[in-house]
Amino acid sequence: MTTITFYSYKGGVGRSLAVANVARYLAGFGQRVFAIDFDLEAPGLHYKFALDAGNGAAQIKQGVVDYISAFRTGGQPPDSLSDYVVPVETADKEAQSGKIWLMPAGSVTSASYWRLLAQISWHDLFYSDAAPGVPLFLELKQQIEQQFKPDFLLIDSRTGITEVGGVATTVLPEKLVCLLMRNRENLDGAREVLRSIKRVPRLPGQPEIEVVPVLTRIPESGEVGWEEEVVAKVHEFSMNQHQISR
Amino acid sequence: MTLNVDQVFVLHSAAEPTVEMPGAESPLLRDYLQLFTRLVPREVYEPHLARMRQPARPERFDVNPIPHGFHSLTLHLIVDGAAAYIEFLKNAFGAVEIFRSSRRSGKVMDALLKIGDSMLMLADDFNREFGLLPVARGNLPFHINLYVADADATFARAVAAGAEVTMPIGDQTWGDRYGHVRDPFGFNWVIATRKENLTPEQMQKRVGKALEGG
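Position numbers for residues start from 1 in each chain and track the written sequence from start to end. Each chain is given a letter, starting from A, and each ligand a number, starting from 1, according to the order in which they appear as written. Selection of residues for local features in this predicted model requires a pLDDT of at least 70, selection of side-chain atom pairs for listing and counting requires 80 or more, and totals for whole chains, interfaces and linings are taken over all residues.

### Remarks on the overall build of chain A
In this description a helix means any DSSP run of H or I spanning at least four residues, a strand means any run of E spanning at least two, and both kinds are numbered starting from the N terminus. Secondary structure assignment for chain A yields 10 helices and seven strands. Three exposure classes are used, based on other C-beta atoms lying within 10 Å of a residue's own C-beta, which is placed from the backbone: buried for 20 or more, exposed for 12 or fewer, and partly exposed in between. Residues classed as buried in chain A amount to 43% of the 246 residues present. It is the C-beta atoms, placed from the backbone, that decide contacts: two residues are in contact if theirs lie within 7 Å. Within chain A, residue pairs in contact and separated by at least 24 positions form 77% of the contacts whose partners lie at least 6 positions apart.

### With respect to the pairing of strand E9 (residues 188–194) of chain B
All names here are of chain B. Within E9, seven of the seven residues are buried, leaving the element largely enclosed by the surrounding structure. What you see with E9 is no split at all: Asn188, Val190, Ala192 and Arg194 on one side and Trp189, Ile191 and Thr193 on the other are buried throughout. One requirement defines pairing of two strands: DSSP has to find at least two bridges between them. Of the pairings in the sheet, the one linking strand E6 (residues 142–147) to E9 comprises four bridges and is parallel in character. Directly across from Asn145, in E9, lies its bridge partner Val190. Where strand E8 (residues 176–182) folds back onto E9 in an antiparallel hairpin, the turn is made up of five residues, including Gly186, whose phi is positive at roughly 95 degrees.

### Observations concerning helix H7 (residues 133–148) of chain A
Residues and elements named next belong to chain A. Relative to the 22 Å expected for 16 residues at 1.5 Å per residue, H7 spans 22 Å between its end C-alpha atoms, a close match to the ideal helical length. Tucked inside the fold, the buried residues of H7 contact strand E1 (2–8), strand E2 (32–37), helix H4 (64–74), helix H6 (122–127), strand E5 (152–156) and helix H8 (163–171). Lys149 sits one or two residues past H7 and shows a positive phi near 45 degrees. In this analysis, the expected span of each helix is defined as 1.5 Å times one less than the number of residues it contains.

### Concerning unusual backbone geometry
Residue and element names in this part refer to chain A. The backbone of Lys149 shows a phi angle near 45 degrees, a positive value even though the residue is not glycine. Examined against the element boundaries, Lys149 turns out to sit in the loop between H7 and E5. Under the C-beta neighbour-count criterion, Lys149 is labelled exposed, with 11 such atoms within 10 Å.

### A short note on the sheet that holds E9 of chain B
Residue and element names in this part refer to chain B. In spatial order, the strands read E3-E4-E5-E2-E6-E9-E8-E7; together these eight strands make up an open sheet with mixed pairing. Both edges of this open sheet fall to strand E3 (96–102) and strand E7 (164–171), since each of them pairs with a single strand only. Taking the axes of each pair of neighbouring strands and ignoring which way they run, one obtains an average angle of 20 degrees across the sheet. Working convention: axes come from line fits to C-alpha atoms, limited for helices to the stretch in contact. Angles between N-to-C directions cover 0 to 180 degrees. The strands that helix H4 (residues 82–93) touches are E3, strand E4 (108–115) and strand E5 (118–123); relative to E4, the one it contacts most, it runs at about 5 degrees. The strands touched by helix H5 (residues 151–160) within the sheet are E6, E7, E8 and E9, with E8 carrying the most contacts at an inclination of about 10 degrees.

### Things to note about the pairing of E4 of chain B
All names here are of chain B. Across the eight residues of E4, six count as buried, placing the element largely inside the fold. With six bridges joining them, E3 and E4 adopt antiparallel strand pairing. By the bridge assignment, Arg100 is partnered in E4 with Ala111. As consecutive antiparallel partners, E3 and E4 are separated by five residues, and within that stretch Gly106 has a phi angle of approximately 95 degrees, a positive value.

### Observations concerning the confidence of the model for chain A
Detailed reading of the predicted model is not advised wherever pLDDT is low. On average, chain A scores 81 in pLDDT, and the residues at 70 or more come to 85%. Known as pLDDT, the predictor's per-residue confidence is scaled from 0 to 100. Note on residues 242–246 of chain A: pLDDT is under 50 here. Beyond four places in sequence and across chains, it has seven contacts.

### Looking at helix H1 (residues 29–39) of chain B
Here H1 of chain B has its buried residues at Asp31, Tyr32, Leu35 and Leu39 of chain B. One side of H1 of chain B carries all its buried residues, which in axial view fall inside an arc of 90 degrees. Facing away from the buried side of H1 of chain B by more than 90 degrees, the exposed set consists of Arg30 and Thr37 of chain B. As for H1 of chain B, its buried residues are in contact with E1, helix H1 (15–28), strand E6 (175–180) and strand E7 (210–218) of chain A together with strand E1 (9–12) of chain B. Note that the arc is defined by the directions from the helix axis to the C-beta atoms.

### With respect to the packing of H4 of chain A against helix H5 (residues 111–119) of chain A
Residues and elements named next belong to chain A. At a closest axis distance of 9 Å, the pairing of H4 and H5 adopts a crossing angle of 50 degrees. Accordingly, the angle class assigned to the pair H4 and H5 is oblique. As H4 runs across H5, the sense of the crossing is left-handed. Only Tyr113, Leu116 and Leu117 of H5 make contact with H4, whose side of the interface consists of Val65, Asp66 and Ser69. The nonpolar class holds Ala, Val, Leu, Ile, Met, Phe, Trp, Tyr, Cys and Pro. Asp, Glu, Lys and Arg form the charged class, and all remaining residues, Gly among them, are polar. When the residues that make up the contact of H4 with H5 are grouped by side-chain class, the tally is four nonpolar, one polar and one charged. Roughly parallel here means an angle under 35 degrees, roughly antiparallel means over 145, roughly perpendicular means 65 to 115, and every remaining angle is called oblique. Crossings are sorted by hand: turned counterclockwise from the far helix by less than a right angle, the near helix makes the crossing left-handed, and turned clockwise it makes it right-handed.

### Describing the packing of H7 of chain A against H8 of chain A
All names here are of chain A. In the contact formed by H7 and H8, the axes pass within 11 Å of each other and the chain directions differ by 55 degrees. The orientation of H7 with respect to H8, classified from their angle, is oblique. Between H7 and H8 the crossing geometry is right-handed. In this structure, H7 contributes Gly133, Val134, Phe137 and Leu138 to the contact, and H8 contributes Glu163, Val167 and Val171.

### A short note on the sheet that holds E1 of chain B
Overall, mixed pairing links the eight strands, which are arranged E3(A)-E4(A)-E2(A)-E5(A)-E1(A)-E6(A)-E7(A)-E1(B) in an open sheet. Each of the sheet's edge strands pairs with one partner strand only, and the pair in question is strand E3 (86–88) of chain A together with E1 of chain B. In this sheet, adjacent strand axes meet at a mean angle of 25 degrees when their direction is disregarded. Relative to E5 of chain A, E2 of chain A runs parallel, the two sharing five bridges.

### Here we look at the environment of Gly133 of chain A
Residue and element names in this part refer to chain A. Looking at the secondary structure, you find Gly133 in helix H7. Sequence separation between Gly133 and Ile68 is 65 residues; the distance between their C-alpha atoms is 9.3 Å. Excluding residues within four positions of it along the chain, Gly133 makes contact with Leu125, Phe126, Glu163 and Val167.

### Quick notes on the nonpolar core
All names here are of chain A. Ranked by size, the top nonpolar core spans 77 residues in total, and within it Ala23, Ala35, Leu102, Leu154, Cys178 and Val214 carry the most contacts. If you tally residues by element for this core, the top one is H1, at nine residues. Contact partners of Leu154, with chain neighbours within four places excluded, come to Ile4, Phe6, Val19, Val22, Ala23, Val33 and Ala35. A set of buried Ala, Val, Leu, Ile, Met, Phe, Trp, Tyr and Cys residues, joined through C-beta atoms within 7 Å, is what we mean by a nonpolar core.

### Considering the environment of Ser118 of chain B
By the element assignment, Ser118 of chain B lies in strand E5. Ser118 of chain B sits 23 residues away from Ala95 of chain B along the chain, and the two C-alpha atoms are 9.9 Å apart.

Right, here's the structure in full:
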């Protein structure tokens, strides 16, 4: 299983859409794909999989927030993920199609979702003595691998610099797709994230995270040479990351 | 410690707001395939490239690159006396005349017939006007017409495989992206993509103008 996290410092760069598109393409290649929505404060991945209406909405009962809450109350994670995962219809029935599963943030249209989310103490999870947060998310990753046997785990990380975002960008993935819009705010923010990724130690035996910068919302019909210039500038910026010392 | 950032990828804004489905040609397909070169092993996507680059679905575009009613391959016969031959085909095989464009002399520049579920193209010999070797001077009396979604790509591929360019690919007055090659075995191929739908009247007018230099 290859784990790929999609991260953006700011919202509105088309991150969830990219996760959904990559999932659909990979399924089109016959791959088994498990997608997970870690953008708990502004969840939306299920919309990109068209699970917001009809049967889909009814299907979504629980998700990541409920999983964490079950851990909080029970002291250990649930044994089976099946209550927290919904299958996604893959479009092309004729093609040899793979599979997509989604672990949504939760039933976001219910009041209980936001109540449960508010009750999660990120501080306790990540900064208390023997903080259980990182082991919990590693356990979740292992459960996904064992119970669904996906070829790819795609993580829709939340924006900014947060605890759960940190887990998604530093502990879990082999590859980190960093989505950027070409403005100073985005680029500076992404630079901070890349710096923080460098600071977080990997688990023993874990290879280094491969960072894949992606510029989004580039107009299809930009002026000739414009796009090349923008890409070159961002590339130069990204290359400068090499010179950041620990 | 390096972050291994050696390439910046691009997703164009045409991505939004819809989720693209595999199987349909997408302006973003190129972007994602580029991205996949870094994200997933080559053997994951490579076997699917040909299928994913299938022609655009007609409901998404006004002009079907393979015109309605055509199969990929259509025979284009070059006949001395094409008008008379059309009458023969009607009598013998129930051919239905779809379109005909003639010169003032009565010579058929371009005719399209339907026999059963297949199209048949035919014309008098205008090879010379197209810069091709006339039949009387030893050329074969037919072309194999191949309609594809991306004529330029197919053309380039055929040439790379050893076909000889006999008429460079270009935008033609009748609305096709169109060019000729002769394959190493001596057969003539037309490689074309429909770009613009013209009425028979428009086509007759434009083709006539082009061929008669008017």
